[in-house]
Amino acid sequence: MRHGDDQWFDVVKWTLFVMLNAEELGISSKTIDDAMKSNQPEIRRLLGVEGNFGEQLGLSKDWVVRIIRQVGNYGEVFDRNVGAGSKLGISRGPQSLVDQGRHSIRSTSSV
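The structure reproduced in this document is the subject of the present report.

Reading the values: the criteria
Residues numbered from 1 in each chain as written. Predicted model: local features only at pLDDT ≥ 70, side-chain atom pairs only at ≥ 80, totals over all residues. Heavy atoms only, no water. Helix = DSSP H or I, 4+ residues; strand = E, 2+ residues; numbered from the N terminus. Expected span 1.5 Å × (residues − 1). Buried < 20%, exposed > 50% of the residue type's maximum accessible area, 1.4 Å probe, protein only. Contact = heavy atoms within 4.5 Å. 1 Å grid on protein atoms, 1.4 Å probe; cavity = no way out; pocket = protein on both sides within 12 Å on 5 of 7 lines; lining within 4 Å. Points joined across faces, edges and corners; volume = space filled by probe spheres on them. Nonpolar A, V, L, I, M, F, W, Y, C, P; charged D, E, K, R; others polar. Phe/Tyr/Trp six-rings, centres within 6.5 Å; stacked < 30°, edge-to-face > 60°. Lys NZ or Arg CZ within 6 Å of the ring centre and 35° of its normal. Polar contact = N/O pair within 3.5 Å; in protein donor to acceptor, adjacent residues only side chain to side chain. Salt bridge = Lys/Arg side-chain N within 4 Å of Asp/Glu carboxyl O.

Some points on helix α1 (residues 6-24)
The end-to-end C-alpha distance of α1, which contains 19 residues, comes to 27 Å, matching closely the 27 Å that a straight helix rising 1.5 Å per residue would cover. Taken together, the buried positions of α1 are Val11, Trp14, Thr15, Phe17, Val18, Met19, Leu20, Asn21, Ala22 and Glu23. Packed against the buried residues of α1 are α3 (41-46), α4 (53-56), α5 (63-71) and α6 (74-81). Gly26 lies just past α1 and shows a positive phi near 80 degrees.

This is the structure we're talking about:
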């Protein structure tokens, strides 16, 4: 990533965070359409149905939906590229979700 490009750094960082959050909330490329109809405020904000999270990053409101629909949540990406669904077959181990033993890397700062 280019040195000094703080806006791009924020987009990359928050892309990882939203992919992890989507997995934690049970949102995947297969369930994204149902998730868009959710009444849960956390899901609605994450997916851009409510709030202006994407706009704060200079992105569209549906940027998270497009990421999840096209590449999946963190677990889907891990599985496909290095996990059980790949030739490598690596276990999630320390890359598992918090409720499966991983320490949270969610940021507590706001955008």
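From this point on, the discussion continues.
A closer look at the environment of Glu42
Inspection of the secondary structure puts Glu42 in helix α3. Measuring from C-alpha to C-alpha, the distance between Glu42 and Asn21 comes to 9.7 Å, with 21 residues separating the pair along the chain.

What to know about empty space enclosed by the protein
Gaps left between atoms show up when a probe the size of a water molecule is rolled over them. Using the criterion set out here, one finds 1 cavity of 30 Å³ or more in the structure. Approximately 30 Å³ is the volume found for the largest cavity. Lining the largest cavity are Arg45, Leu46, Gly48, Gly51, Asn52, Phe53, Gly54, Lys61, Trp63 and Val64. Within the residue set of the lining of the largest cavity, elements represented by two or more residues are α3, α4 and α5. Here the residues of the lining of the largest cavity are counted per class, giving 4 nonpolar, 4 polar and 2 charged.

Points about the packing of aromatic side chains
Evaluated as defined, the whole model comprises 4 aromatic pairs. Between Trp14 and Phe53 the ring centres are 5.3 Å apart and the planes differ by 80 degrees, which places this aromatic pair in the edge-to-face class. Taken together, the residues span a long stretch of sequence, with Trp14 in helix α1 and Phe53 in helix α4 at a distance of 39 residues. Across the pair, Phe53 and Trp14 agree in class, each one buried. One aromatic cluster is present, formed by Trp14, Phe17, Phe53 and Trp63 through successive ring pairs. Lying over the aromatic face of Phe78, Arg92 brings its terminal NZ or CZ to 5.4 Å of the ring centre.

Quick word on the side chain of Ser86
Within the secondary structure layout, Ser86 lies in the segment after α6. In this structure the side chain of Ser86 is engaged in a polar contact, spanning 3.3 Å, whose partner is the backbone nitrogen of Gly89. Apart from residues lying up to four places away in sequence, Ser86 is in contact with Asp79, Arg80 and Asn81.

Observations regarding the pattern of salt bridges
As enumerated under the stated definition, the model contains 5 salt bridges in all. Lys13 serves as the salt-bridge partner of Asp10, at 3.7 Å between the closest nitrogen and oxygen. Linking Asp10 with Lys13, this pair stays in helix α1, spanning 3 residues, or about one helical turn. A relative accessible area of 28% places Asp10 in the partly exposed class. Of the charged contacts in the structure, one is a salt bridge between Glu23 and Arg92, with a shortest N-O distance of 2.9 Å. Here Arg92 lies in the segment after α6 and Glu23 lies in helix α1, a separation of 69 residues in the sequence. When sorted by exposure, Glu23 lands in the same class as Arg92, which is buried.

Function cannot be inferred from these measures alone, as they are strictly geometric.
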